[in-house]
Amino acid sequence: MENIRNFCIIAHIDHGKSTLADRLLEFTNTVTKREMQAQVLDNMDLERERGITIKSHAIQMNYVYKGKTYVLNLIDTPGHVDFSYEVSRSIAACEGVLLLVDASQGIQAQTISNLYLALEHDLEIIPVLNKIDLPGAMPEEVKDQMVDLVGCSRESIIPASGKDGTGVDKVLEAIVERIPAPKGDKTAPLQALIFDSVYNSFRGIEVIFRVLNGTIKKGDKVKFVATDTVYHADEIGILKLEKEPRTVIEAGDVGYLISGIKSAKEVKVGDTITSFDNPTKEAIVGFEDVKPMVFAGVYPVETSDYEDLREAIEKLQLNDASLVWEPETSAALGFGFRCGFLGMLHMEIIQERLEREFDQTVITTVPSVSFHAFDNKGEMHVVNAPSEMLDPSKLDRIEEPFIKAQIITKSEYIGAIMTLCMEKRGVLRNQVYLTTDRVEMIFEMPLSEMVFDFFDKLKTISKGYASLDYELIGYRESNMVKLDILLNGDKVDALSAIVHRDKAYEWGKKLCEKLKELLPRQQFEIAIQAAIGAKIISRETVKALRKDVLAKCYGGDISRKRKLLEKQKKGKKRMRQVGNVEIPQEAFMAVLKID
Ligand code: GTP
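The name recorded for the chain in an unreviewed UniProt entry is Elongation factor 4, from Sporocytophaga myxococcoides. The UniProt entry for the chain carries the following comment under Catalytic activity (unreviewed entry): "GTP + H2O = GDP + phosphate + H(+)". What UniProt states about the chain under its Subcellular location (unreviewed entry) heading is, verbatim, "Cell membrane".

## Describing the overall build of the chain
Along its length, the chain carries 15 helices and 33 strands. Compactness check: the chain gives a C-alpha radius of gyration of 27 Å against a globular reference of 25 Å for 595 residues, within 12% of the reference. Along the first, second and third principal axes, the C-alpha atoms of the chain reach 85 × 60 × 55 Å. Buried residues in the chain amount to 55% of all 595 residues. Here the contacts in the chain between residues at least 6 apart in sequence split such that 69% fall between residues at least 24 apart. Carbon and sulfur atoms make up 50% of the accessible area of the chain, which totals about 26,900 Å². Between the mean site of the 78 positive side-chain charges and the mean site of the 91 negative ones, the chain shows a separation of 5 Å.

## A closer look at the state of the cysteines
According to the stated counting rule, one finds zero disulfides in the structure shown. Here Cys 8 is not cross-linked by a disulfide; its sulfur's nearest cysteine counterpart is in Cys 94, at 3.7 Å.

## Quick look at the sheet that holds strand β12 (residues 235-239)
The strand order across the open sheet built from eight strands is β11-β10-β16-β7-β8-β15-β12-β13, with neighbouring strands paired in antiparallel fashion. Lying at the two open borders of the sheet, with one neighbouring strand each, are β11 (229-232) and β13 (243-246). Neighbouring strand axes in the sheet, compared pairwise and without regard to direction, differ in orientation by 40° on average. By the bridge criterion, five bridges tie strand β8 (residues 206-213) to strand β15 (residues 254-258) in an arrangement that is antiparallel. Bridge pairing in β15 places Glu 206 opposite Ile 258.

## Notes on the pattern of salt bridges
This structure, assessed with the given rule, holds 30 salt bridges. Between Arg 338 and Glu 328 there is a salt bridge, and its shortest N-O distance comes to 2.6 Å. With Arg 338 in strand β19 (residues 334-341) and Glu 328 in strand β18 (residues 324-330), the pair connects residues that are 10 residues apart, well separated along the chain. Its relative accessible area of 7% is what places Arg 338 among the buried residues. One network of salt bridges, with partners in common, ties together Glu 400, Arg 425, Glu 449 and Lys 503.

## Quick notes on the sheet that holds strand β17 (residues 294-300)
The pairing of strands in a sheet comes from backbone hydrogen bonds and takes either a parallel or an antiparallel form. Taken in spatial order, the four strands of this open sheet run β18-β19-β17-β20, and their pairing is antiparallel. The sheet terminates laterally at β18 and β20 (362-364), the two strands that pair on one side only. Across the sheet, the axes of successive neighbouring strands diverge by a mean angle of 30°, strand direction being ignored. Pairing of β18 with β19 involves seven bridges; the strand directions are antiparallel. Across the sheet, residue Ser 330 finds its bridge partner in β19, namely Gly 334. Packed on one face of the sheet, helix α8 (residues 344-358) meets β17, β19 and β20 and runs near 165° to β20.

## So, the domain arrangement of the chain
When the domains of the chain are assigned, the result is domain 1 (4-178), domain 2 (191-275), domain 3 (294-364), domain 4 (371-478) and domain 5 (481-593). Counting residues at the interface gives 19 residues for domain 3 and 15 residues for domain 5. Roughly 1,400 Å² of surface becomes buried between domain 3 and domain 5 when both sides are summed, with 53% attributable to carbon and sulfur atoms. Summed over the three residues of domain 3 that lose the most area to domain 5, namely Ala 332, Leu 333 and Ile 363, the buried surface amounts to 35% of that side. The interface formed by domain 3 and domain 5 includes zero salt bridges. The tally of links from domain 3 across to domain 5 stands at four residue pairs in polar contact (both at pLDDT 80 or more). For the side of domain 3 that touches domain 5, the secondary-structure elements that each account for two or more residues are β17, α8 and β20. In terms of residue count, the dominant contributor to the side of domain 3 that touches domain 5 is α8 (four residues). The residue inventory of the side of domain 3 that touches domain 5, partitioned by class, reads 10 nonpolar, six polar and three charged.

## With respect to the packing of aromatic side chains
On inspection of all chains with the given rule, the structure shows five aromatic pairs. Considering the side-chain rings of Tyr 63 and Tyr 65, the 6.2 Å spacing of their centres and the 15° angle between planes classify their relative orientation as stacked. For Tyr 65, a relative accessible area of 11% puts it in the buried group. Arranged with centres 5.7 Å apart and planes meeting at 50°, the rings of Tyr 306 and Phe 335 form a pair that is tilted. Residue Tyr 306 is located in helix α7 (residues 306-319), and its partner Phe 335 is located in strand β19; the two are separated by 29 residues in the primary sequence. Members of the aromatic cluster, joined through ring pairs, are Tyr 306, Trp 325, Phe 335 and Phe 337.

## Observations regarding unusual backbone geometry
The phi dihedral of Lys 66 is positive, around 50°, even though this residue is not glycine. Within the element layout of this structure, Lys 66 appears in the loop between β2 (58-65) and β3 (68-75). The phi dihedral of Asp 359 is positive, around 60°, even though this residue is not glycine. Within the secondary structure layout, Asp 359 lies in the loop between α8 and β20. Asp 359 sits in the exposed class, given a relative accessible area of 62%.

## Comments concerning the UniProt feature "binding site: GTP" (unreviewed entry) in the chain
Mapped onto this numbering, the UniProt entry gives "binding site: GTP" (unreviewed entry) at Asp 14, His 15, Gly 16, Lys 17, Ser 18, Thr 19, Asn 130, Lys 131, Ile 132 and Asp 133. Locating Thr 19 in the fold gives a position in helix α1 (residues 17-27). If you trace the backbone, Lys 131 turns up in the loop between β5 (124-130) and α5 (139-150). When near neighbours in sequence (up to four residues on either side) are disregarded, Lys 131 contacts Asp 14, His 15, Gly 16, Asp 102, Ala 103, Ala 137, Ala 160 and Ser 161. Of the polar contacts made by the side chain of Lys 131, one reaches the backbone oxygen of Asp 14; its length is 2.8 Å.

## Section: the packing of α7 against α8
The interhelical angle for the contact between α7 and α8, taken along N-to-C directions, is 110°, at an axis separation of 11 Å. Relative to α8, the element α7 lies roughly perpendicular. Read as a crossing pair, α7 and α8 show a hand that is right-handed. Contacts between α7 and α8 pair Leu 309, Ala 312, Ile 313, Lys 315, Leu 316 and Asn 319 from the former with Ile 350, Arg 353, Leu 354 and Phe 358 from the latter. Counted by class, the contact of α7 with α8 contains seven nonpolar, one polar and two charged residues.

Definitions and limits used
Residues numbered from 1 in each chain as written. Predicted model: local features only at pLDDT ≥ 70, side-chain atom pairs only at ≥ 80, totals over all residues. Heavy atoms only, no water. UniProt positions renumbered as here; feature names shortened; annotations may be inferred. Helix = DSSP H or I, 4+ residues; strand = E, 2+ residues; numbered from the N terminus. Rg over C-alpha atoms; globule rule 2.2 N^0.38 Å. Buried < 20%, exposed > 50% of the residue type's maximum accessible area, 1.4 Å probe, protein only. Contact = heavy atoms within 4.5 Å. Areas by Shrake-Rupley, 256 points an atom, 1.4 Å probe, with all protein chains shown as cover. Lys, Arg positive; Asp, Glu negative; His and termini not counted. Charge placed at Lys NZ, Arg CZ, Asp CG, Glu CD. Disulfide = S-S within 2.5 Å. Pairing = 2+ DSSP bridges. Axes fitted to C-alpha atoms, helices over the stretch in contact; angles between N-to-C directions. Salt bridge = Lys/Arg side-chain N within 4 Å of Asp/Glu carboxyl O. Domains from an automatic or database assignment. Buried area = accessible area lost by both parts, 1.4 Å probe. Polar contact = N/O pair within 3.5 Å; in protein donor to acceptor, adjacent residues only side chain to side chain. Nonpolar A, V, L, I, M, F, W, Y, C, P; charged D, E, K, R; others polar. Phe/Tyr/Trp six-rings, centres within 6.5 Å; stacked < 30°, edge-to-face > 60°. Parallel < 35°, antiparallel > 145°, perpendicular 65-115°, else oblique. Left-handed = near helix turned anticlockwise from the far one by under 90°.

See the structure below:
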């Protein structure tokens with residue numbers, strides 16, 4: 001155990017985590033130059049294209065230092081707030097972290113929130129000043145920030161560049177010298193922390209774990225505590241670039257388990273693996289069932305694709321347990337699904353995966369948070385879609401989820417950010433200068449306001465110099481109303497939204513205007529109305545196409561027209577026919593684009 005080091009890399013998004021990880025793998029010959037593709041750890045296509053690590057993975061390196069061979073387990077962590085629970089579990093599996101800070105960007109919101117997680121777990125922190133090769137690097141200034149924040153000495157900060165390899169040797173030395181070897185009792189009952197899982201369609205879910213105490217042997221009967229399920233450890237092993245089977249994995253080490261598990265739901269990050277015959281008395285603390293934060297309707301473009309879509313979502317859920325769904329019916333869109341996501345990025349990823357991996361073109365409706373509606377009798381109803389909102393005559397009050405948002409920015413943007421956050425019903429709780437011109441602002445605000453393109457706006461008004469992190473702090477009462485949209489007098493449930501009463505009139509007006517831009521002109525006039533209850537609060541009209549234009553569009557013989565129609569069907573535009581009005585995907589999201 002004394003030659004094992006378990007560590008992860010924490011950093012704000014894009015500060016160079018994956019690139020540095022690649023260099024560590026190269027330097028320790030875990031991966032040869034030839035095998036090295038850029039960012040080998042990001043092995044999902046989607047991850048590579050987006051340049052972000054979606055799921056955490058682990059990899060083992062051997063490193064010879066002063067004549068002794070050390071086993072270094074690198075646990076990769078996702079960089080986006082949507083996946084912060086996974087980060088916390090990865091951190092819990094380590095004794096130390098590399099804290100990377102981009103020398104041209106300085107400390108950002110996720111640098112701080114990840115650092116706090118590491119400190120909570122009492123981890124050794126190795127500060128690394130990354131990207132020092134950049135012409136815009138400000139090494140001295142950023143070092144000052146790191147000293148202030150981490151409370152480390154200037155000398156302990158390692159200057160590095162994942163790009164040209166500077167400092168990689170020093171980083172490896174520091175891992176061995178500064179991070180403590182794991183503690184734990186090999187003879188105690190088995191206690192292993194699940195910190196990740198990987199879906200393998202042939203062999204079932206691969207469970208990635210860190211053994212805290214005890215020993216796991218091939219063939220052992222093991223139990224997952226939180227899900228209360230029992231398996232045989234058909235195959236266990238360590239993770240190099242490929243999996244390497246082993247017969248034993250002992251306290252302190254990291255490994256994988258394959259047991260033919262078919263559904264991701266049975267494998268929960270944060271759960272404890274123990275021995276069936278000699279179970280541990282205590283589960284590892286910190287297990288949480290991750291809950292979706294954002295809900296949206298997902299509908300097939302062609303109603304006939306419903307069953308295919310169901311199959312696709314079911315399959316997707318097998319390898320992404322954080323995706324939840326249930327069937328939903330919409331008067332406008334027919335049969336579909338209400339899906340729950342960890343956040344907006346997660347939602348985009350799912351939509352993209354449905355398209356790429358399952359060839360499903362879908363329409364997604366306005367995302368909504370999970371409201372708590374209390375009826376006159378005091379009973380609480382969970383409302384994940386506007387259509388589920390109680391009738392006003394039965395409604396007593398509505399509570400909505402609030403978050404604590406931490407924003408780090410340059411002092412010149414404080415005013416603009418204050419204005420934005422107040423528009424979003426935010427309240428400033430604290431403001432601290434980290435350095436002379438860098439400020440940390442803490443706001444409390446409703447999650448629903450964050451869902452609506454908050455991050456994009458924040459980036460725009462701060463010219464990119466603001467970073468954001470947030471956590472849920474609970475439910476609070478808010479004066480919300482349901483805003484409905486009618487097209488030619490018919491309510492289109494998929495366009496409804498739950499908004500704050502003070503904003504409802506303005507929203508209704510703007511939403512009608514936006515829809516007017518987005519709805520294609522058709523052969524008849526379309527009346528767009530916004531309503532609260534029975535009261536119409538706004539109206540716009542999309543004029544009909546002129547006759548001669550029509551003639552040009554649809555002229556020619558019938559077979560040509562049919563061909564055209566078939567071609568269109570193949571291309572499957574993200575468009576749905578509701579009544580006699582065609583609604584494009586953008587219109588379902590129009591509410592997100594309102595200023
Ligand atoms: P996430 O996994 O999404 O959190 O990002 P990351 O922190 O892993 O960042 P990644 O390694 O993907 O690097 C982000 C960008 O910075 C890429 O375009 C890299 O090529 C670039 N980059 C990373 N390290 C360095 C470095 O040391 N110097 C320079 N100049 N660029 C770097």
